[in-house]
Amino acid sequence: MIDTEDTIDNEDTSDTADPSDTGDTTASDLDTERADRVADLVEHVARALVDEPDRVEISIDDGVDETHLELHVAPDDLGKVIGRGGRTARAIRALLTAAGVRDRHRYALEIVD
């Protein structure tokens, strides 16, 4: 007869988690992570719209109640990001609003040349 307890005891049950990871995540870390994720989204959309994607930059001012994003593009690409009548800019801001609902946080976008 096979003793099943011996086989269970011989299994490797060591924890493979990163020893430097303490598991403590602060609210500030989560806010920064969320802001970075939203900034990456805006940057991805903007790069797809412009002729000079290498000149697209996002700066983040992370506040308590609101995260302010500044989208910097080449002067010639400003119209492409804003769109006719501001439709494209409004669509990008709608994405930020949707992300804000999910994150329970407010995001504001300013488009700068």
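Throughout what follows, the structure given in this document is the object of discussion. (Residues numbered from 1 in each chain as written. Predicted model: local features only at pLDDT ≥ 70, side-chain atom pairs only at ≥ 80, totals over all residues. Heavy atoms only, no water.)

## Things to note about the pattern of salt bridges
In step 1: Going through the model one piece at a time under the given rule, you end up with seven salt bridges.
In step 2: The shortest N-O distance in the salt bridge between aspartate 103 and arginine 37 comes to 2.9 Å. Taken as a pair, aspartate 103 in helix α4 (residues 87-103) and arginine 37 in helix α2 (residues 27-49) lie far apart in primary sequence, 66 residues in all.
In step 3: Assessed through its relative accessible area of 9%, aspartate 103 is described here as buried.
In step 4: Taking the shortest distance from any N to any O, the salt bridge between aspartate 77 and lysine 80 comes out at 3.9 Å.
In step 5: Three or more residues are tied together by salt bridges with common partners; here these are Arg37, Arg102 and Asp103. (Salt bridge = Lys/Arg side-chain N within 4 Å of Asp/Glu carboxyl O. Helix = DSSP H or I, 4+ residues; strand = E, 2+ residues; numbered from the N terminus. Buried < 20%, exposed > 50% of the residue type's maximum accessible area, 1.4 Å probe, protein only.)

## Focus on the sheet that holds strand β3 (residues 106-112)
In step 1: Sheet architecture is open: three strands sit in the order β1-β2-β3, paired in mixed fashion. The open sheet terminates on both sides in strands that have one partner only, identified here as β1 (57-62) and β3. Strand after strand, the sheet turns through a mean of 20° between neighbouring axes, direction not considered.
In step 2: Here strand β2 (residues 66-72) runs beside β3; their pairing, made up of seven bridges, is parallel. Within the sheet, the bridge partner assigned to histidine 72 lies in β3 and is valine 112.
In step 3: Here α4 sits on the sheet and contacts β2 and β3; the angle it forms with β3, its principal contact strand, is near 155°. (Pairing = 2+ DSSP bridges. Axes fitted to C-alpha atoms, helices over the stretch in contact; angles between N-to-C directions. Contact = heavy atoms within 4.5 Å.)

## Observations concerning unusual backbone geometry
In step 1: Residue arginine 104 is not a glycine yet carries a positive backbone phi of 55°.
In step 2: Its place among the elements puts arginine 104 in the loop between α4 and β3.
In step 3: Residue classification places arginine 104 among the exposed positions, given a relative accessible area of 78%.

## A few points about the nonpolar core
In step 1: Of all hydrophobic cores here, the largest spans 17 residues; its most connected members are Val42, Leu69, Leu71, Val81, Leu96 and Leu109.
In step 2: Every element with two or more residues in this core is listed here: α2, β2, α4 and β3.
In step 3: Excluding residues within four positions of it along the chain, leucine 69 makes contact with Val38, Ala39, Val42, Ile58, Ser59, Ile60, Leu96, Ala108, Leu109 and Glu110. (Core = buried A, V, L, I, M, F, W, Y, C linked by side-chain atoms within 4.5 Å.)

Read these as spatial facts, not as claims about activity.
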